[in-house]
Amino acid sequence: SDGWTNLGLALHASGDRDGGFAAFRKAIELVPEHPEAHYNLQFLAWKAGDFATVRAERERWARLFPNDAEAQRELAEVLVHPGMPDSLRDPRRGLELAVRAVQLARGRIEGPLRTLAMALAATGDARGALSTAELALRLVPPEDPGAEGVKAQIRRDLDWIRGLERASPPEPPPPADKGRK
């Protein structure tokens, strides 16, 4: 199954999105609980704008790994992200999952806190969202090679949350954008 996942990543990198989808689906067929295959399948679906597949894959991943903070956080992100179609959003459930992700997180907590901030904003708690995003920003480890990118994402979230109180909020912030092996 790892071979199919690696093939999916290689095909996607070469521009063969359909081949990448097929390889990730084959990996999941062989090992239904393969987290990287589920993650990368939904990642390709997000890039393709197939948000129903994104939600379905994140639902499966969260169901397969109920005690995995990242699986819970990823599903919460879909449920609260303002750029998702309304038919796929469920802010209250997203808030519950984001809280669970923070509780399950060990060590690196800024990702779950970032999602919790978005969930709080989606459910109307702008003040809680701001303080949570500010905490996430403070907790980004400075020695992390990707620290500046993570901080930039959180700053965009903060701008978006602050904009909710204005008549014309800015475009919603993007989700974390990375494939993984």
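Residues numbered from 1 in each chain as written. Predicted model: local features only at pLDDT ≥ 70, side-chain atom pairs only at ≥ 80, totals over all residues. Heavy atoms only, no water.

Caption draft 1: Focus on helix 9 (residues 147-163). The terminal C-alpha atoms of helix 9, which comprises 17 residues, lie 24 Å apart, in line with the 24 Å expected from a rise of 1.5 Å per residue. Every buried residue belonging to helix 9 is among Ala147, Lys151, Gln153, Ile154, Asp157, Leu158, Trp160, Ile161 and Gly163, and all of these are buried. Buried residues in helix 9 make contact with helix 7 (110-122) and helix 8 (126-139). (Helix = DSSP H or I, 4+ residues; strand = E, 2+ residues; numbered from the N terminus. Expected span 1.5 Å × (residues − 1). Buried < 20%, exposed > 50% of the residue type's maximum accessible area, 1.4 Å probe, protein only. Contact = heavy atoms within 4.5 Å.)

Caption draft 2: Inspection of the environment of Arg89 at higher detail. Here Arg89 is to be found in the loop between helix 5 (69-80) and helix 6 (91-104). What makes Arg89 partly exposed here is its relative accessible area of 23%. In this structure, the C-alpha to C-alpha distance between Arg89 and Leu164, residues 75 residues apart in sequence, is 18 Å. With residues up to four places along the chain from it excluded, the contact list for Arg89 reads Arg55, Val78, Leu79, Val80, His81, Pro82, Met84 and Ala122. At 2.9 Å, the side chain of Arg89 and the backbone oxygen of His81 are in polar contact. (Polar contact = N/O pair within 3.5 Å; in protein donor to acceptor, adjacent residues only side chain to side chain.)

Caption draft 3: Looking closely at the environment of Gly8. Note that Gly8 resides in helix 1 (residues 2-13). On the basis of relative accessible area, Gly8 is assigned to the buried category, the value being 0%. With eleven residues separating them along the chain, Gly8 and Gly19 place their C-alpha atoms 6.7 Å apart.

Caption draft 4: Layout of helix 3 (residues 35-48). The terminal C-alpha atoms of helix 3, which comprises 14 residues, lie 20 Å apart, in line with the 20 Å expected from a rise of 1.5 Å per residue. Burial runs high along helix 3: ten of the 14 residues are buried. Tucked into the core, helix 3 has its buried residues touching helix 1, helix 2 (17-30), helix 4 (51-64) and helix 5. One or two residues past the end of helix 3 sits Gly49, with phi positive at roughly 80°.

Caption draft 5: Molecular detail of the side chain of Thr5. Relative to the helices and strands, Thr5 resides in helix 1. Setting aside chain neighbours within four positions, we find Thr5 in contact with Phe24, Ala27, His34, Glu36, Ala37 and Asn40.

Caption draft 6: The arrangement of the packing of helix 3 against helix 4 in detail. The contact between helix 3 and helix 4 brings their axes to 8 Å, and the two run at 160°. With respect to helix 4, the axis of helix 3 lies roughly antiparallel. In this structure, helix 3 crosses over helix 4, and the sense of that crossing is left-handed. Residues Pro35, His38, Tyr39, Leu41, Gln42, Ala45 and Trp46 of helix 3 form the contact with helix 4, whose participating residues are Phe51, Thr53, Val54, Glu57, Arg58, Arg60, Trp61 and Leu64. Tallied by class, residues from the contact of helix 3 with helix 4 come to nine nonpolar, three polar and three charged. (Axes fitted to C-alpha atoms, helices over the stretch in contact; angles between N-to-C directions. Parallel < 35°, antiparallel > 145°, perpendicular 65-115°, else oblique. Left-handed = near helix turned anticlockwise from the far one by under 90°. Nonpolar A, V, L, I, M, F, W, Y, C, P; charged D, E, K, R; others polar.)

Caption draft 7: Representation of the confidence of the model for the protein. In this model, the protein carries an average pLDDT of 89, and 91% of its residues clear a pLDDT of 70 or more. Element-level mean pLDDT values for the protein span from 89 in helix 3 up to 96 in helix 6. (pLDDT = per-residue confidence, 0-100.)

Caption draft 8: Examining the nonpolar core more closely. The biggest cluster of nonpolar side chains holds 25 residues, and the ones touching the most others in it are Leu116, Ala133, Ile154 and Ile161. Counting residues per element, the ones that place at least two in this core are helix 5, helix 6, helix 7, helix 8 and helix 9. Here the element with the most residues in this core is helix 7; it accounts for seven residues. The residues touching Ile161, leaving out its near neighbours within four places in the chain, are Ala117, Ala121, Ala126, Ala129, Leu130 and Ala133. In this structure, Ile28, Val54, Val78 and Leu88 belong to the second largest nonpolar core, which totals 13 residues. (Core = buried A, V, L, I, M, F, W, Y, C linked by side-chain atoms within 4.5 Å.)

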